[in-house]
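Analysis of the macromolecular model
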Amino acid sequence: MNDLSNIKLAIIGLGYVGLPLAVEFGKKYPVIGFDINERRVAELQSCQDHTKEVEPNELRQAKFLTYTTNPEVLRTSNCYIVTVPTPIDEHKRPDLTPLIKASETVGKVLKSGDIVIYESTVYPGATEGDCVPILEKFSGLKFNQDFFAGYSPERINPGDKEHGITNIKKVTSGSTPEVADFVDRLYNQIITAGTYKTSSIMVAEAAKVIENTQRDLNIALINELAMIFNKMGIDTESVLQAAGTKWNFLPFRPGLVGGHCIGVDPYYLTYKAQALGYHPEIILAGRRLNDSMGGYIVSQLIKAMTKKRIQVDGARVLVMGLSFKENCPDLRNTRVVDVVKELKEYDCQVDVYDPWVSKEEAQKIYGITLLQEPPKGAYESIILAVAHEQFKNMGAEGIRGLGKKTHILYDLKYILPKEAVDLRL
């Protein structure tokens, strides 16, 4: 446990979180990258990454990294890092299915002296209360006697090339003080920004889940302020810029709150709170408001179209952007789909254009057929939903050129100047 030179790592899950981690460790240690998706493993073996998080040359630099879909290969490892997603179900309850299945996979190959580290975002207590019993069941080993656990929450920011895995401080923890020291030293091998060792696994779990809960609530406040200012006829961005001249005003902006973290993690915390008999008020109020933004955005657009005497029924509307954030192909929990769905409720003909997103994934996950290229002069309304660099480069004239002579241009992301658009949040 004290000797890092004998470490043999296995990364379970090679998505947005697992792959960058596997690559960094794979530059220094023997690493097995495991994923159940054969297509994903095949593309990585050919040094390609469709998530665009890791460049081909970086994949080649990870000389000690191999990939597999065969769980039996994992038996040669002695330290496992689980990086599978933790989504919510249709009722907004935590779905631990990927985490449970990953724990079963690891449990079947676990040996005495091994360490299992979890990175997936969970509610406090999930690692030791939900995952460890599965490891014990499938391995026949005793926790903190035969094997040990750690928790180091992921802080990956998809599409962000400035804040990569190595230069974001890493929170670490372990099931014993000795294991906590080991986990901390292990991550310090690749994290140049340093680590922060917490007193327990539950503290680390709680720290992660409140990071995004805090951000979610801050955005909910700004979204509500935007609704108020719109009723007053005040431009929200102008207000925020003025308020932002004070050093301690936080620079949040209104908008759709989606993605694999901010729109999901608060439900993990509220689920656990409710299980303990406490009904969260502020957190759930923020979630309700942010989840309602798609409907609010479309209602504002319909009002604007009506004022311009544009017939809503049958109107062609172009939604520019489908991913949950700019310059990123990630479709997980994107709330742009709420806008598309709401527009169809008004019998609008909706086209969606996103040069970053896989057409196959958009169709498979949401049943949305993406345009190859939007036609010019075709739309009664255009919604700038995601601030992709390509859209910024088009400028107001290029985007306006996609609309009919009379149309509405609604900028959700402040891509264009106030005077260049008809509507802003």
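Read on for a plain summary of the structure. (Residues numbered from 1 in each chain as written. Predicted model: local features only at pLDDT ≥ 70, side-chain atom pairs only at ≥ 80, totals over all residues. Heavy atoms only, no water.)

Here we look at the nonpolar core
Of all hydrophobic cores here, the largest spans 38 residues; its most connected members are Val319, Leu322, Leu343 and Ile383. The set of elements that each furnish at least two residues to this core consists of α11 (293–307), β9 (316–320), α12 (336–345), β10 (349–353) and β12 (403–411). Val84, Val109, Tyr118 and Ala126 belong to the second-largest nonpolar core, a separate cluster that totals 36 residues. (Core = buried A, V, L, I, M, F, W, Y, C linked by side-chain atoms within 4.5 Å. Buried < 20%, exposed > 50% of the residue type's maximum accessible area, 1.4 Å probe, protein only. Helix = DSSP H or I, 4+ residues; strand = E, 2+ residues; numbered from the N terminus.)

Focus on the environment of Ala420
Relative to the assigned elements, Ala420 resides in the loop between β12 and β13 (423–424). Separated by 338 residues in the primary sequence, Ala420 and Val82 have C-alpha atoms spaced 47 Å apart. Residues contacting Ala420, with those up to four places away along its chain left out, are Ala396, Arg400 and Leu409. (Contact = heavy atoms within 4.5 Å.)

Things to note about the sheet that holds β12
Reading across from one edge, β10-β9-β11-β12-β13 is the order of the five strands in this open sheet, with parallel pairing throughout. The outermost strands of the open sheet, each flanked by one partner alone, are β10 and β13. Across four bridges, the pairing between β9 and strand β11 (residues 379–384) is parallel. Note on β11: the bridge partner recorded for Leu318 is Ile382. (Pairing = 2+ DSSP bridges.)

Considerations on the packing of helix α7 (residues 201–232) against helix α10 (residues 282–291)
Running from N to C, α7 and α10 point in directions that differ by 55°, and their axes come no closer than 9 Å. Taken together, the axes of α7 and α10 lie oblique to each other. Note on packing geometry: the crossing formed by α7 with α10 is left-handed. Here Thr213, Asp216, Leu217, Ile219, Ala220, Asn223, Glu224 and Met227 of α7 come into contact with α10, specifically with Ile282, Ile283, Gly286, Arg287, Leu289 and Asn290. (Axes fitted to C-alpha atoms, helices over the stretch in contact; angles between N-to-C directions. Parallel < 35°, antiparallel > 145°, perpendicular 65-115°, else oblique. Left-handed = near helix turned anticlockwise from the far one by under 90°.)

A look at a nonpolar patch on the surface
A contiguous nonpolar patch, built from Ile228, Met232 and Ile234 and spanning about 270 Å² of accessible area, is present on the exposed surface. Its place among the elements puts Ile228 in helix α7. Using a relative accessible area of 37% as the deciding quantity, one classes Ile228 as partly exposed. (Patch = residues over 30% accessible without salt bridge, like charges linked within 9 Å, V, L, I, M, F, W, Y side chains within 5 Å. Areas by Shrake-Rupley, 256 points an atom, 1.4 Å probe, with all protein chains shown as cover. Salt bridge = Lys/Arg side-chain N within 4 Å of Asp/Glu carboxyl O.)

Here we look at the pairing of β10
Across the five residues that make up β10, a large majority, four, are buried. A crossover links β9 with its parallel partner β10, the connecting element being α12, and its sense is right-handed. (Right-handed = clockwise from strand over helix to strand, strands pointing away.)

Here we look at the packing of aromatic side chains
Inspection of every chain in the model, using the stated rule, returns six aromatic pairs. Ring centres of Phe25 and Tyr29 lie 6.4 Å apart, and the angle between their planes is 50°; on these two criteria the pair is classed as tilted. Neither residue differs from the other here; Phe25 and Tyr29 are each classed as buried. Seen in terms of ring centroids, Tyr123 and Tyr271 are 5.6 Å apart; in terms of plane orientation they differ by 35°. Their pairing is tilted. Of this pair, Tyr123 sits in the loop between β5 (115–118) and α5 (126–139) while Tyr271 sits in helix α9 (residues 265–275), placing them 148 residues apart in sequence. With a relative accessible area of 5%, Tyr123 lands in the buried category. (Phe/Tyr/Trp six-rings, centres within 6.5 Å; stacked < 30°, edge-to-face > 60°.)

So, helix α6 (residues 177–188)
The end-to-end C-alpha separation of α6 is 17 Å, in line with the 16 Å expected for 12 residues at 1.5 Å each. Every buried residue of α6 is accounted for by Val179, Ala180, Phe182, Val183, Asp184, Leu186 and Tyr187. (Expected span 1.5 Å × (residues − 1).)

Let's talk about the side chain of His388
Mapped onto the elements, His388 comes out in the loop between β11 and α14 (389–400). The class for His388 is buried, based on a relative accessible area of 0%. The contacts of His388, once residues within four sequence positions are left out, are Gly321, Ser323, Lys325, Glu326, Asn327, Cys328, Asp354, Pro355 and Trp356.

Some words on helix α4 (residues 97–107)
Where α4 is concerned, the buried positions are Leu99, Ala102, Ser103, Thr105, Val106 and Gly107. Contacts from the buried residues of α4 go to β1 (9–12), β2 (31–34), β4 (79–82), β5 and α5.

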